[in-house]
Structures are given as C-alpha cells and as structure tokens.
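# Residue-level structure breakdown
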Amino acid sequence: MRASKCALGMVGAALVGGLTLSAANASEYPTRPIQMIVAYGAGGSTDTVARIFAKYAEERLGERVVVVNKPGAGGELGWVHLANAKPDGYTIGLINSPVVEVYPITRAETVGYDYDDIRPLANLITDPGVLAVSADSPYQTLDDFVSAVEQQPESISVSHEGVGGDDHLAALNFAREAGIDLNFVSFNGNAEASAALRGGHIDAFEGNMSEAAAQIQEGNVRALAVWSDERMPDIPDVPTGVEQGYDVVAAASRGLAVPAGVPQAVYDRLLEVTRAVVEDEAFRTEVKNLNMPLNPMYGDAYEDFLDDSHDRLEALWEQDPWIEQ
C-alpha cells in the first residue's frame, strides 16, 4: 500500500510540479545545501544523532546538511513540515518510531500529516527501552516488581515522556503482558524522570537504554529489564524481559526519511551516502560513545520495519485505546 502510494506521489509530482530529474541532473545532486528536519529541540538524543550524521553526510555530498529544529506537539510539527516539503531531495528529516506512526492512528482527523506522506530512507539507531528502579529499591527482579504491583494495583508509579510515546507504550505493553495496573506519571524528559527516581518520588523509570546506561553502569539505578530481543553489550548483566517470561520488545528507533514523491534517483543517492556514513568507523565510534546502538536498515527493509510497527500499533489501538492512560 505504501509503495503504490509513493509511486503515485512521484507521478503526481512530475505532472503537477515538473519535479522529475533528468539522468544528468540526478547525477549532479545536490547543488545546494540540504535541510534536515529534527522534530525535537536542540541538545536531545534525536538532535545529537542528526548532527553527527549531518557532519559525515556533507563530507560525501559536497554540500552542507543543515539541521533545523522544529519542536512542538511531541514531534508532530516537525513531521508535518517534512511531509509537506517540496519532494526534491533538499529536505530530509529524522523520524522517531513508534511516535511518527502513532499520531495518524490516534488522531487521524486532526493530525497534520498522513503516515504515507513520509517515505522511509534508512534506520540508524534502535534504542531499546529499559525499566529501572533506584539502587536501594526493594525490587531485585522483574518478578519482584510484578508481585508488588499485584498486591497494590495502581500504586506503583512508573515514568514516561508522554502518552503514546515509546516509553509509555513500552510500559503499557509490559503492564498488559504481566496483567498488572501501573500508575503512569509523565515527565518532560528522561533527565527529569531520572531525578525523580533518585529522589524517591517515583518507584520506577521507563526510558531508553542510551539515556540510562551510564547510571546503570555506575550503580545509581538497578535495571530490571531491557526490552530487546537479546541482552545489550553496554549493560550485559541486565536480562531481557523475554528471558524473564514477559514477551515485550520495545524500542525507540531513529531513522532518516524524505517526503513521499522524491525522485528515485535522488532517493538512491541519499541511500548510498547513508550507507557510507554508517560504515565509517569514526561515525560508529561517536555513536557508540553515546551508548546508542546502531541498527542500520535500508530502503525496503526499513519501510517493512515501520509498516509492521504501524500495523501492530493500529491493532493495539483498535483493541484497547491507550489515550486514557
């Protein structure tokens, strides 16, 4: 469905705006700076990944890649800008899954973009979720935590960064898998949530591994589970939820996308550059130093990954809408 829509978008762009490129012009792309939209503020993990990528990409493109922050509405404003940009290859963006798929599902009538308005290019990072408690918490294992919640439903508090975000959905999926009722508490960022955890204001922290790894390694918090298929090298002593009997795999993926309708020759050129950046050892070292797990997926593979995520979220929403949480 997405592929056919992208194809129609390309034809429409050619007929209406004359945006198709000749082979000669495509080979010259780019001839001016490229704008990279980041749907969150400067200094956050998404912005950091974008700026690192941009630095290495412009070396290969021969033009500047200018990161433009367009925060607001939990990412929606930035993705609206990306989706509605002229599909000529001079506007690309970083998208965050599952959030980019969530808004067209939960607010189909009011959201400013459609899921098919954005064409995935390549995934860069897949940052698994982590459930952690303070170092002095009585909960030593995930089973301890579940038992406590069963005895006191809705009294055990867990942080997240907003309803429908990856943290909230990870904790919500865990609660449904375990058959428990948690008390969800929203914070403006994981730094704020971590401080609340250390201060004893909440019982547990749900966030991304890259944001919690240092505290776990230093012993400031105790991770009860990482929501990945297998244990993560940066926190090898933390068991997965799956190996503890809870079938939960949840992560925040950060990847590149373009407006649907970008000429295929331009798309292929961006894909070629992205592959080269990801294979650059210097780029890999910078990302690794931030505890961000590289998980490259290119073209159709990334599109299939997002389509599967979208379908699962849509089914979850139809079964039991989480907007009330």
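Residues numbered from 1 in each chain as written. Predicted model: local features only at pLDDT ≥ 70, side-chain atom pairs only at ≥ 80, totals over all residues. Heavy atoms only, no water.

## Here we look at the packing of aromatic side chains
Taken as a whole and assessed by the stated rule, the structure comprises nine aromatic pairs. Seen from their ring centres, Tyr-56 and Phe-283 are 5.8 Å apart, and the 80 degrees between their planes marks the pair as edge-to-face. Here Phe-283 lies in helix 11 (residues 281-289) and Tyr-56 lies in helix 3 (residues 45-61), a separation of 227 residues in the sequence. Residue Tyr-56 shares its accessibility class with Phe-283, and that shared class is buried. The interplanar angle of 20 degrees and the centroid separation of 6.5 Å between the aromatic rings of Tyr-302 and Phe-305 together place this pair among those described as stacked. Of this pair, Tyr-302 and Phe-305 both sit in helix 12 (residues 300-319), three residues apart, which is roughly one turn of that helix. Residue class for Phe-305 comes out partly exposed when judged on its relative accessible area of 27%. The structure contains a cluster of three or more aromatic residues connected by ring pairs, namely Tyr-139, Phe-145, Phe-174, Trp-227 and Tyr-246. One Lys or Arg, Arg-107, reaches over the ring of Tyr-103 and ends 5.0 Å from the middle of that ring. Here the basic side chain of Arg-119 rests over the ring of Tyr-267, its NZ or CZ set 3.7 Å away from the ring centre. (Phe/Tyr/Trp six-rings, centres within 6.5 Å; stacked < 30°, edge-to-face > 60°. Helix = DSSP H or I, 4+ residues; strand = E, 2+ residues; numbered from the N terminus. Buried < 20%, exposed > 50% of the residue type's maximum accessible area, 1.4 Å probe, protein only. Lys NZ or Arg CZ within 6 Å of the ring centre and 35° of its normal.)

## Focus: helix 3
Between its terminal C-alpha atoms helix 3 stretches 24 Å, which fits the 24 Å expected from 17 residues at 1.5 Å a residue. Residues of helix 3 that are buried include every one of Ser-45, Thr-46, Asp-47, Val-49, Ala-50, Ile-52, Phe-53, Ala-54, Tyr-56, Ala-57 and Leu-61, and no others. Once helix 3 finishes, Gly-62 follows within two positions and takes phi at roughly 75 degrees, a positive value. (Expected span 1.5 Å × (residues − 1).)

## Details of unusual backbone geometry
The omega torsion across Tyr-29 and Pro-30 is -5 degrees, close enough to zero to call that bond cis. Cis geometry is found at the peptide bond from Ser-97 to Pro-98, where omega equals 15 degrees. Relative to the helices and strands, Pro-98 is located in the loop between strand 3 (91-97) and helix 5 (99-106). Even without being a glycine, Glu-154 presents a positive backbone phi close to 65 degrees. With respect to the helices and strands, the residue Glu-154 is situated in the loop between helix 6 (142-151) and strand 5 (157-160). For Glu-154, a relative accessible area of 53% gives the class exposed. One non-glycine residue, Asn-291, lies in positive phi territory at about 60 degrees. Its place among the elements puts Asn-291 in the loop between helix 11 and strand 10 (294-298). Among the residues examined, Asn-291 registers a relative accessible area of 15% and is labelled buried.

## What to know about the environment of Thr-274
Here Thr-274 shows up in helix 10 (residues 264-279). In this structure Thr-274 comes out as buried when scored by relative accessible area, which is 1%. Separated by 214 residues in the primary sequence, Thr-274 and Arg-60 place their C-alpha atoms 9.4 Å from one another. In contact with Thr-274, other than residues within four places in its own chain, are Phe-53, Leu-121, Ala-122, Leu-124, Leu-256 and Tyr-298. (Contact = heavy atoms within 4.5 Å.)

## Regarding the layout of surface pockets
Put simply, the largest pocket is a space of about 830 Å³. Taken together, 30 residues line the largest pocket, and the ones lying closest to its centre are Trp-227, Val-249, Ala-250, Ala-251 and Arg-312. For the lining of the largest pocket, the elements supplying multiple residues, two or more each, are strand 4 (118-134), helix 7 (166-178), strand 9 (251-259) and helix 12. In this model, the second largest pocket occupies a volume close to 530 Å³. (1 Å grid on protein atoms, 1.4 Å probe; cavity = no way out; pocket = protein on both sides within 12 Å on 5 of 7 lines; lining within 4 Å. Points joined across faces, edges and corners; volume = space filled by probe spheres on them.)

## Thoughts on the packing of helix 5 against helix 12
Where helix 5 contacts helix 12, the two axes come as close as 9 Å, and the packing angle between them is 40 degrees. Compared by their axis directions, helix 5 and helix 12 come out oblique. Here the hand of the crossing between helix 5 and helix 12 comes out right-handed. Taken together, the residues of helix 12 that come into contact with helix 5 (itself represented by Glu-101, Val-102, Ile-105 and Thr-106) are Leu-306, Ser-309, His-310, Leu-313, Glu-314 and Trp-317. Of the residues that constitute the contact of helix 5 with helix 12, the class distribution is five nonpolar, three polar and two charged. (Axes fitted to C-alpha atoms, helices over the stretch in contact; angles between N-to-C directions. Parallel < 35°, antiparallel > 145°, perpendicular 65-115°, else oblique. Left-handed = near helix turned anticlockwise from the far one by under 90°. Nonpolar A, V, L, I, M, F, W, Y, C, P; charged D, E, K, R; others polar.)

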